[in-house]
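Results of the structural survey
Listed here are the chains, written in short residue letters.
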Amino acid sequence: MLELLICSLLTIVPDYLFRRFAQGKRFGKEITLFSVWYELRWGITGCLMLTVCLITSVFFFHPATTNAALLFRTIPILPEGSGRVAEVNVGYSEDVKKGQVLFRLDNSKQAAALETARRKVAEVDASMATAAAEVVKADAQIQEAKANYQQARDELEVKTELQRRNPGIVPQRDIEKLQVLVDQRQAGIDAATAAKESAALQVSTLLPAQKASAQAVLSEAQVEFNKTFIRAGVDGRVEQFLVRVGDVVNQLMRPAGVLIPEGAGRQRLQAGFGQIEAGVMKEGMVAEATCVSKPWVVVPLVVTSVQDYIAAGQFRSGEQLIDLQNVAKPGTILAFLEPLYKGGLDGVTAGSTCIVNAYTSNHDEIVDPKTSTGRRIVLHAIDAIGFVHALLLRIQALLLPFKTLIFSGGH
C-alpha cells in the first residue's frame, strides 16, 4: 500500500493535475467515477507498472524476512556412565557456575577401586624402599666377601711361599684346601655382586615401571570416580532439572535437564532469506531488525556471514532414491547478523522471533570513476528505494504489539 501511494504521487496525481488545469476538466464533471479509468488511464497504468517495479526492486535489492530468531544452544545434562542418583545439588531452575556439582551418582564401587589403586601405589613404594635396603645389604655382603677372600688368599700365599722355601714343611693337602677356600670366597664375591645388581635393577627399572602402571591404574580409577560427579561445563542456567535421589540415569535415557550457557542467544541473530536473494546477500551488508520481545525498537545490525548452501537440500544416504518433489519447502539462505553497536541485542529475549531487513549498498561502485553516469543513476535509485523498506519496517515495529496482542487472537 505504501508503495502504491508513493507511485501514485508520481503518476496518477500529475495525470489528474494535467487533466484539471491543462485541459480544464473537472472532477465530477468531465472526470466522474465512471470515467476515471478513461480519463486517468495513463496515470493508473503507469502507477500500477511503477508500483510492481518498485516492490520488486525493493524486495530484491533490500531483502526482508520474518524467518529470523535469536537461536541459542543448550547442553543436555547427562552422565558419562550410568548409575543411581545419590545426591542432588540444584533445583528445577537455577543459575550455576562452571565446575559446580549438579548431582552425584552412587560411587561406592568406584571409591573401592580408587582405594585399591592407591594401596597398590603404596605397596610399590614400600617395595622400592625394601629394594633400596637390599642394595645396601648386598653392598655390605660384597665388602664382607672381599675381606674373607683377601684373608684366604693371603694365607694361601704365605703357605705357598713356605712350601717353596722349605719343601715338605707345609702339607700339600693344606695348600689344596686353601686354594679351594680362595675359590669359594671368590664365588661369594660374585654372588654378592649379582645380588646387588639384581636389587639395583629393581630399584632403577622394575619397580619404577610397576609404580608407573599402578599410578596409571590410580588415574583411571580417579577418572571413573570423578565421572560420578556430574558438573556444569560452563556458566549458565539449569532448566527442567527433574532428577531426584534414587533415580537411575544413563546416556540412553532422556537428559536429566538442560544447561543454557550464559549469554546464549545474545551475540547474533540468524535470519533465513529467500533463495532468490542468494546473489544479493553479502557479508558486510547493513540490516535492521525489530523483535517481538522488544517492540517499538529497531536494532541496527550487520551481516557477518552467509551460508553458501541451503539446509533443505541436505540428505542422508539410504536404501531409497530421493524424489525431489517430496521436498515440500524450498529452503532459505541462512545469514548471521550481529549488532552494529555494542549491546544492541540487550533486552531481546533469547529465542525471540524478529523481522529483519537487509539493505544493499552500492556506494563503492558509485564513487568509482570507472562507473558510467547511467549506471550511477540506477545504483543511486536502488540505494534510495531502501528508504521505503526502512519506513515499512518502522511501521511494522509500530504495529507489531497491536497485531500480536489484539489482531492475532492469541490473547
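We now turn to the structure provided with this report. (Residues numbered from 1 in each chain as written. Predicted model: local features only at pLDDT ≥ 70, side-chain atom pairs only at ≥ 80, totals over all residues. Heavy atoms only, no water.)

The subject of this paragraph is the nonpolar core. Within the largest apolar cluster, 20 residues are counted, with the highest numbers of intra-cluster contacts made by Leu-269, Ala-271, Phe-273, Met-281, Leu-301, Leu-337 and Val-356. Put simply, the parts of the chain that give this core at least two residues each are β10 (269-273), β11 (286-291), β12 (294-306), β13 (333-339) and β14 (353-359). In contact with Leu-337, other than residues within four places in its own chain, are Arg-268, Leu-269, Ala-271, Ala-287, Leu-301, Val-302, Val-303, Thr-304 and Val-356. Ile-77, Val-85, Ala-232 and Ala-256 belong to the second largest nonpolar core, which has 15 residues in total. (Core = buried A, V, L, I, M, F, W, Y, C linked by side-chain atoms within 4.5 Å. Buried < 20%, exposed > 50% of the residue type's maximum accessible area, 1.4 Å probe, protein only. Helix = DSSP H or I, 4+ residues; strand = E, 2+ residues; numbered from the N terminus. Contact = heavy atoms within 4.5 Å.)

If you trace the four strands from one edge of the open sheet to the other, you get β6-β5-β3-β8, paired in antiparallel fashion. Among the strands making up the open sheet, the edge pair consists of β6 (229-231) and β8 (248-249). The sheet contact formed by strand β3 (residues 83-88) and strand β5 (residues 101-105) spans three bridges and is antiparallel. Along β5, the bridge assignment pairs Val-85 with Leu-105. (Pairing = 2+ DSSP bridges.)

Right, let's get into helix α4 (residues 41-61). Taking 1.5 Å per residue, 21 residues should reach 30 Å; α4 reaches 30 Å between its end C-alpha atoms and fits that length. Inspection of α4 places Gly-43, Cys-47, Thr-51, Leu-54 and Val-58 among the buried residues, and these make up the whole buried set. On an axial view of α4, the arc spanned by its buried residues comes to 75°, and they lie on one face. For α4, the exposed residues lying more than 90 degrees away from the buried face are Trp-42, Met-49 and Val-52. (Expected span 1.5 Å × (residues − 1). Arc of directions from axis to C-beta.)

We now examine the pattern of salt bridges. Counting across every chain of the model gives ten salt bridges. The salt bridge involving Glu-239 is made with Arg-237; its shortest N-O contact spans 2.9 Å. By relative accessible area, which is 22% here, Glu-239 ends up partly exposed. Assessed through its relative accessible area of 31%, Arg-237 is described here as partly exposed. Overlapping salt bridges, with partners in common, bring together Glu-80, Glu-224 and Lys-227 in one network. (Salt bridge = Lys/Arg side-chain N within 4 Å of Asp/Glu carboxyl O.)

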